[in-house]
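Structure at a glance
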Amino acid sequence: MKDIFSLDNKSVVIFGGAGFIGSQLVIAALDKGAKVVAADLNMTLFDRAEFAQVRANPNFLAVTCDVSRSDDVRGAYELCSEKFGFVNAFVNLAAYGKFDDISRQTDEDMAFSFDGVAGHMFRTVREAIPFLKESGGTIVLTSSMYGLVSPDYRIYGNSGQNNPALYGMGKAAVVQLTKYAAAHLAPFGIRVNCVAPGPVPDPSKNPPPEFLNNLAEKTMLGRVGTPEEMAGAFVYLLSDAASFTTGECIAVDGGWTKW
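Below or above, wherever it landed, is the structure these notes cover.

**What to know about the overall build of the protein chain**
When you go through the protein chain residue by residue, the secondary structure sums to seven helices and seven strands. Ordered by position from the N terminus, the helices and strands of the protein chain form the series β-α-β-α-β-α-β-α-β-α-β-α-α-β. Relative to a compact globule of 259 residues, whose C-alpha radius of gyration would be 18 Å, the protein chain shows 18 Å and is just as compact. Summarising its shape, the C-alpha atoms of the protein chain cover approximately 50 × 40 × 35 Å along the three principal directions. Taken over 259 residues, the protein chain has a buried fraction of 51%. Contacts in the protein chain between residues far apart in sequence, at least 24 positions, make up 76% of those at least 6 positions apart. Taken as a whole, the protein chain presents about 12,300 Å² of accessible surface, with 54% of it coming from carbon and sulfur. Distance from the positive charge centre (22 side chains) to the negative charge centre (28 side chains) of the protein chain: 4 Å.

**Overview of helix 7 (residues 227-238)**
The terminal C-alpha atoms of helix 7 lie 17 Å apart, and with twelve residues this matches the ideal 16 Å at 1.5 Å per residue to within 8%. By the burial criterion, the buried members of helix 7 are Pro227, Met230, Ala231, Ala233, Phe234, Val235, Leu237 and Leu238. The elements touched by buried residues of helix 7 are strand 1 (11-15), helix 1 (22-31), strand 4 (89-92), strand 5 (137-142), strand 6 (190-197) and strand 7 (249-252).

**Details of the side chain of serine 11**
Examined against the element boundaries, serine 11 turns out to sit in strand 1. We classify serine 11 as buried; its relative accessible area is 0%. Within the structure, serine 11 has its side chain in polar contact with the backbone oxygen of phenylalanine 86 (distance 2.8 Å). The contact partners of serine 11, leaving out residues within four places of it in the chain, are Lys35, Cys80, Phe84, Phe86, Val87, Asn88 and Ala89.

What counts, and at which threshold
Residues numbered from 1 in each chain as written. Predicted model: local features only at pLDDT ≥ 70, side-chain atom pairs only at ≥ 80, totals over all residues. Heavy atoms only, no water. Helix = DSSP H or I, 4+ residues; strand = E, 2+ residues; numbered from the N terminus. Rg over C-alpha atoms; globule rule 2.2 N^0.38 Å. Buried < 20%, exposed > 50% of the residue type's maximum accessible area, 1.4 Å probe, protein only. Contact = heavy atoms within 4.5 Å. Areas by Shrake-Rupley, 256 points an atom, 1.4 Å probe, with all protein chains shown as cover. Lys, Arg positive; Asp, Glu negative; His and termini not counted. Charge placed at Lys NZ, Arg CZ, Asp CG, Glu CD. Expected span 1.5 Å × (residues − 1). Polar contact = N/O pair within 3.5 Å; in protein donor to acceptor, adjacent residues only side chain to side chain.

Structure below.
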C-alpha cells in the first residue's frame, strides 16, 4: 500500500532550516525520504554532534542563505536543482526583524521587520515559480498563532518574552499571502499552504518557568508544544496526503486560538 505521507518524490528547500523548528523539519523530511537543502543565514547548528547523521545523509545539503536577498534565495533553488535534479517544494520558516514596544518602533523598524516576517515569504514564492512550474509543486509558509490572534499580555509580565506588534502584523500577512498565492498558482498545479505554530518555547531564549506555566495554561491541552510536533504539520502539507489541500493555514497550537 502506498504511503501517502512519503516524501520520496520531493526535493525540498527549507529556508530557516537551521532554526529551532526548521532543524527538526529537516530531520523529519529526510526520514520520510525527501531530498533536502537547508538554507539559513547561520548553519552552525548542524556542526553539533547530534546532527552527524544528517550531515552524512547523501540527500542533505546545507547552504548559507540570506532571505532578504533575492539572489541568495534564487541561488538556493538553483543549488537544489543542480544537486538533486529538480525542485518541487519549499518551506519557509525564516524570520528576522527589529522588535520593541509598539510605541518605540520607528518607520525604519516597521519596514525592516515587515520584510523580515512577511516580505521574504513573498520573495521565496516569487523566485520559486520558474522552478515549480516545471513539475507542479508544493509551497508551505509559516505564520504564527499571533498571526491569528493577539497576545494576552497578562501572561507575559516581566518575562522578557513579549510578542511585538510588528511580528503579529507580518504573520497575519503571511496567511493572506498563502490564500492569494494558492489562487494564482493553482493553474500550474502548485499548492500553497501555511502552518501557524503555537507556543513552542525555545530554551535558548531562557523563558522563565512561571512564563512557561502561563503559556501551558492558555492551551486546551494544558502544555506547550515541541518542534517535532510542528514538523509533523509541515510534512503533511508537503506530502501527497495533502494533495487536495491548498490556501489553508493550519494552526498547531494545542487549541490556543480556539477558545
